[in-house]
Amino acid sequence: MRTTASLFATACLSALMLTACAEAETETEAETATQDSGASSSTPAAAPAEPGADIIANAPDSAWRTVDAEDLVHLVTNKGEVWIEIQDEFTPMHAARIREIAETNWLDWKVFHRVIDGFMAQGGGAVDNPSIQAPFDPLQAEFGIRRDPNEIPVYETQERRSTERGPMAQAGYWNGFPVGTQPSALAGIVADGRVESWLLHCDGAAAMARTNDPNSANAQFYIVRGEAEHLNTQYTVWGKVRQGQDVIESLNVGTQGQTLGFRPDIIEEFEMATQMDNAPTVQVMDTSSPTFSAYLEALAASRDNGRLPDICSIDVPVRVLD
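Residues numbered from 1 in each chain as written. Predicted model: local features only at pLDDT ≥ 70, side-chain atom pairs only at ≥ 80, totals over all residues. Heavy atoms only, no water.

1. Some points on the state of the cysteines
Between two cysteines, a covalent bond joining their sulfur atoms is known as a disulfide. To be explicit about the condition: In this description, a disulfide is simply a cysteine sulfur pair whose atoms lie within 2.5 Å. Note on conventions: DSSP H or I runs of at least 4 residues are helices, E runs of at least 2 residues are strands, and numbering of each starts at the N terminus.
What the rule picks out here adds up to one disulfide. Each disulfide pairs two cysteine sulfurs, and for Cys202 the partner residue is Cys312, the sulfurs being separated by 2.0 Å. Between Cys202 and Cys312 the disulfide shows an S-S torsion of about -75°. By sign, it is left-handed. Note that Cys202 is positioned in the loop between β11 (195-199) and β12 (205-208) and Cys312 in the loop between α6 (290-301) and β18 (318-321), a separation of 110 residues in sequence.

See the structure below:
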């Protein structure tokens, strides 16, 4: 560096060249400093890919299940859009009610009147009346089913409690829905050949609100945004957010009529994809496919203990095609 400085001092005797030499010297010193420090002018290194990202990116079309438009709810809020898949196998009466609510536009311009951080967002109240009654009859509870493993197969992945303090059971997937269940093997030794199973209150679970009466669900619903395991087998889960959980997380927190200054977010539209002119194609990775098994293996391999995360911490891959 000293030799370089001397050369520039000699070359810059002419006053007319002082400015040019000063600029050249500055550039030379900067280049030398860069070489000395071993630094580069390239952009920072990219963050490491999420475990299983390559498996998702390279998944064949056969590894994806397209959600039927008759099972896809389009929820539009003032914060953005949410896509929810409903299912009939575990909760047929509630699934029918959700379709009825959508087709009658009952929830349009209602609000998320009770949003608790780390727990859930409840919608269906009116701006001036959070307890407004919908023009529907109350529903019988559908907290779980007794299923024939041959008719409704569940891909069991881990042992897990049925509720926070309940007995040990199994957890796994059915059509991309997180499920709690008695072991399928138990069906072989019981009289009816069936086992108890229920949909789990994982993040993004869509369920029906009710009063203390188990059979009082009507039209108000909630979406889990955090921890709601204590509600397993106590409330009816009818669907799962497939796209837009970030919108649910962004909803204003508070309870209408109780939280000072709370301004509830609006449900601008609650409709079925069948009611839309240009609904996108929502695809969920087939949780019975070899590709999904490979994805779970990659998740387990990325952890120090070599085990899968809890089922409620695993995001089933989803893609949306225009």
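Back to the text.
2. A short note on the pairing of strand β9 (residues 168-174)
Which entries qualify depends on this criterion: For every residue, the accessible area obtained with a 1.4 Å probe (protein chains only) is divided by the maximum for its type, and the residue is called buried under 20%, exposed over 50%, and partly exposed between those limits. We call two strands paired when DSSP finds no fewer than two bridges between them.
By the criterion of burial, β9 is predominantly enclosed, with six of the seven residues buried. Summarising the sheet, strand β8 (residues 155-161) and β9 pair through six bridges and their orientation is antiparallel. In the strand pairing of β9, Arg160 is matched with Ala169. Where β8 hands over to β9, the hairpin turn is made up of six residues, counted between the paired strands. Pairing of β9 with strand β10 (residues 177-181), which is carried by five bridges, proceeds in the antiparallel orientation. From the neighbouring strand, Gln170 faces β10, where its bridge partner is Thr181. The turn linking β9 back onto β10 is made up of two residues, and Asn175 within it adopts a positive phi angle of 50°.

3. Re the packing of aromatic side chains
Stated formally: Put simply, two rings from Phe, Tyr or Trp (the six-membered ring, in Trp's case) pair if the centres are within 6.5 Å, and we call them stacked under 30 degrees between planes, edge-to-face over 60, tilted for the rest. For a ring to carry a charge above it, either NZ of a lysine or CZ of an arginine must fall within 6 Å of the ring centroid while also lying within 35 degrees of the normal to the ring plane.
Summed over all chains, the structure comprises nine aromatic pairs. Ring centres of Phe90 and Trp174 lie 5.5 Å apart, and the angle between their planes is 50°; this geometry places the pair in the tilted category. A residue pair is termed long-range when its members are at least 10 positions apart, and Phe90 in the loop between β3 (80-86) and α4 (92-104) and Trp174 in strand β9 qualify at 84 residues. The exposure class assigned to Trp174 is buried, which follows from its relative accessible area of 7%. Lys110 extends its terminal NZ or CZ atom over the ring of Trp106, reaching a point 3.9 Å from the ring centre.

4. Here we look at α6
The test is simple: Given the number of residues in a helix, its expected span is that number minus one, multiplied by 1.5 Å. Contacts are residue-level and defined by heavy atoms, with any inter-residue pair within 4.5 Å sufficient.
A rise of 1.5 Å per residue sets the reference length of α6, with its twelve residues, at 16 Å; its end C-alpha atoms lie 16 Å apart and thus fit the reference within 8%. Where α6 is concerned, the buried positions are Thr291, Phe292, Tyr295, Leu296, Leu299 and Ala300. Buried positions along α6 lie against α3 (53-57), β8, β9 and β17 (281-285).

5. Brief notes about the pattern of salt bridges
Operational definition: Here a salt bridge means any side-chain nitrogen of Lys or Arg lying within 4 Å of a carboxyl oxygen belonging to Asp or Glu.
Scanning the entire structure with this criterion turns up twelve salt bridges. The closest approach of N and O atoms between Arg319 and Asp61, which form a salt bridge, is 3.1 Å. Of the two residues, Arg319 is situated in strand β18 and Asp61 in the loop between α3 and β1 (64-66); the sequence distance between them amounts to 258 residues. For Asp61, a relative accessible area of 60% puts it in the exposed group. For Arg99, the salt bridge is made with Asp88, and the minimal N-O distance between the two is 2.9 Å. Taken as a pair, Arg99 in helix α4 and Asp88 in the loop between β3 and α4 lie far apart in primary sequence, eleven residues in all. Judged by its relative accessible area of 29%, Asp88 falls in the partly exposed class.

6. Some thoughts on the environment of Val195
In this structure, Val195 sits in strand β11. Judged by relative accessible area, Val195 falls into the buried class, the value being 0%. For Val195, the residues in contact, after removing those within four places along its chain, are Ile145, Arg146, Arg147, Pro149, Thr181, Gln182, Pro183, Ser184, Leu186 and Ala187.

7. So, a negative patch on the surface
Stated precisely, the cut-off is as follows: Only residues above 30% relative accessible area that lack a salt bridge enter a patch, with like-charged residues linked at up to 9 Å and the nonpolar side chains Val, Leu, Ile, Met, Phe, Trp and Tyr linked at up to 5 Å. Surface exposure here means Shrake-Rupley accessible area, sampled with a 1.4 Å probe, where a residue is shielded only by the protein chains that are shown. Only four residue types enter the charge count: Lys and Arg as positive, Asp and Glu as negative, with His and the chain ends excluded. Working definition for charges: the position is that of NZ of Lys, CZ of Arg, CG of Asp or CD of Glu.
There is a patch of like negative charges on the surface, built from Asp203, Asp246, Glu249 and Asp315. Looking at the secondary structure, you find Asp203 in the loop between β11 and β12. A relative accessible area of 30% places Asp203 in the partly exposed class.

Geometric values such as these leave the question of function open.
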